[in-house]
Amino acid sequence: MTTRRDGWREWAAKQATDIADAGQWRAPRTFDPSAPRALVSFASNDYLGLTRHAAVRAAAHAAIDRWGTGAGAARLIVGSRPVHDELESELAAWKGAETAVLFSTGFTANLGVLGTFGGPDTLVCSDELNHASLIDGRRLSGAPLAVYRHADAAHVDELLRANRGRRAIVVSETTFSMDGDVAPVDKLAEVCAHHGALLVLDEAHAVLGPPVDSSTLSGTDHLRVGTLSKTLGALGGFVAGPARFTELLVNRARSYIFTTASTPADTAAALAALRVMRSAEGDELVARLRANVDRLRPGHPSPIVPFLCGAEKEALAAADALAARGLLVTAIRPPTVPPGTSRLRVALSAAHTSEQVDRLADALAELFPDGR
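Predicted, not measured: the structure shown is a model, and the values here were computed from it.

Student: Where do I start with the pattern of salt bridges in this structure?
Tutor: Between side chains of opposite charge, a pair can form when the charged atoms approach closely. For the structure shown, the criterion picks out 16 salt bridges. Residues Arg 167 and Asp 121 are paired through a salt bridge, measuring 3.1 Å at the closest nitrogen-oxygen approach. Pair noted here: Arg 167 is in strand β5 (residues 167-173) and Asp 121 is in the loop between α5 (106-117) and β3 (122-127), with a separation of 46 residues, a long-range link. The exposure class assigned to Arg 167 is exposed, which follows from its relative accessible area of 53%. Of the charged contacts in the structure, one is a salt bridge between Arg 161 and Asp 157, with a shortest N-O distance of 2.8 Å. Here the residue Arg 161 and the residue Asp 157 both occupy positions in helix α7 (residues 153-162), the gap between them amounting to 4 residues, near one helical turn. According to the relative accessible area criterion, Asp 157 is buried, its value standing at 18%.

Encoded structure:
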């Protein structure tokens, strides 16, 4: 006689109840920033405000007029549009790399890198606060894992010293998405060069931090992963590095081979945004962003400013209090962050006015007199 299990509906209901009881239930809100009296958003990763830039929007419209709304298939099947090749060339130049290869998102770029270069015979050393895409990429690769203490290059050195007879990959965000602090890239590069490890840097949120240049990474095999959906205000991801490495991704990365290519509009928008960012106008936008960050938290290294609350309900209450004042700041809860570290995650942009930032600062000062 077999024991009856709950059906799928009962299972799903119990899972949903467990999530809600833990204070971790989520649902996307409908938010139209163009609507009258809309909340002022401090939740977006549009750090330079390029999603609304005239040249970026015009490039997307022109691409649709020329090539239509979609790419049609994967690039190995249907081919690349000229704008794909053009963007890859300029991304490589921006990152000081031989070549770059586009992915449909930053998440799939990380899956592709670790799925291609990782494996059962390769140790992956991963920062304890790395993004979910890096965690999942390592899992899919089947590579053994060593988690190192946050931003601790000395711990990485210890782990690599103990690793005998296997290749190794060290993977880190350069700017961490939930804490807004930065990795010691120079020290990680030095350790990787000493041990012959591949350094994979996820630069998705790197907009204010010190630039990672060729001298920092000299003598280190490395790949630089980026996104088109944050600083560049479009959608997609990319990997920049040696030509042989990116060619291998094209031939081995399942998240490149088995998915439709980025749309012409997204690709053209990212190309236009990259050109703005690398211009004098881009320098002005970065300076404006820097000033906004300093207005809220002087000297903080990124536009991501966390305000720790602890319990989930406290973070939700704080977010609701800000929303009542016309300010959208998201409450971040487990599993996005470790238990007991729920927080408000403020994301600043060059598009914010000084008056908006001051309004937010005043509201946060009332909620968090200790400054958090």
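Student: Before we go on, may I ask you to explain the sheet that holds strand β12 (residues 342-347) in this structure?
Tutor: Within a beta sheet, neighbouring strands are joined by backbone hydrogen bonds and run either parallel or antiparallel to one another. Taken in spatial order, the 3 strands line up as β9-β12-β11 in an open sheet, and their pairing is antiparallel. Strands with a single pairing partner mark the edges of an open sheet, and in this sheet they are β9 (304-310) and β11 (330-332). Ignoring which end each strand starts from, the neighbouring axes of this sheet average 30° apart. Here 6 bridges tie β9 to β12, and the two strands are oriented antiparallel to one another. Considered in β12, the bridge of Phe 307 is made with Leu 344.

Student: It is not clear to me how the packing of α5 against helix α9 (residues 243-252) should be interpreted in this structure. Could you clarify?
Tutor: To characterise two packed helices, one gives the angle between the axes of the helices and the distance between these axes. Where α5 meets α9, the closest approach of the two axes is 10 Å, and the angle between their N-to-C directions is 95°. The angle between α5 and α9 falls in the class roughly perpendicular. The residues of α9 that touch α5, namely those facing Gly 112, Val 113, Thr 116 and Phe 117, are Phe 245, Leu 248, Leu 249 and Arg 252. Broken down by class, the residue content of the contact of α5 with α9 amounts to 5 nonpolar, 2 polar and 1 charged.

What counts and what doesn't
- Counting of residues starts from 1 at the beginning of each chain's written sequence and follows it residue by residue.
- Only residues with pLDDT of 70 or above have their local features reported here, since the model is predicted, and side-chain atom pairs are shown and tallied only from 80 upward, although totals for entire chains, interfaces and linings are computed over all residues.
- Computation of side-chain values: all heavy atoms of the structure, hydrogens and water removed.
- The term salt bridge refers to a side-chain nitrogen of Lys or Arg lying within 4 Å of a carboxyl oxygen of Asp or Glu.
- Here a strand is any run of E in DSSP of at least two residues, a helix any run of H or I of at least four, and the numbering for each starts at the N terminus.
- Think of it in three bands: residues with accessible area under 20% of the maximum for their type are buried, residues over 50% are exposed, and the middle band is partly exposed, with areas taken using a 1.4 Å probe on protein chains only.
- Between any two strands, at least two bridges found by DSSP are needed for them to pair.
- Inter-axis angles, ranging from 0 to 180 degrees, are taken between N-to-C directions of lines fitted to C-alpha atoms, where helices are fitted over the stretch in contact.
- Geometric relationships in this document are graded by angle, where less than 35 degrees denotes roughly parallel, more than 145 denotes roughly antiparallel, 65 to 115 denotes roughly perpendicular, and other angles denote oblique.
- Any two residues whose heavy atoms approach within 4.5 Å are treated as being in contact.
- Any residue outside Ala, Val, Leu, Ile, Met, Phe, Trp, Tyr, Cys, Pro, Asp, Glu, Lys and Arg is labelled polar, Gly included; the first ten of those are nonpolar and the last four are charged.

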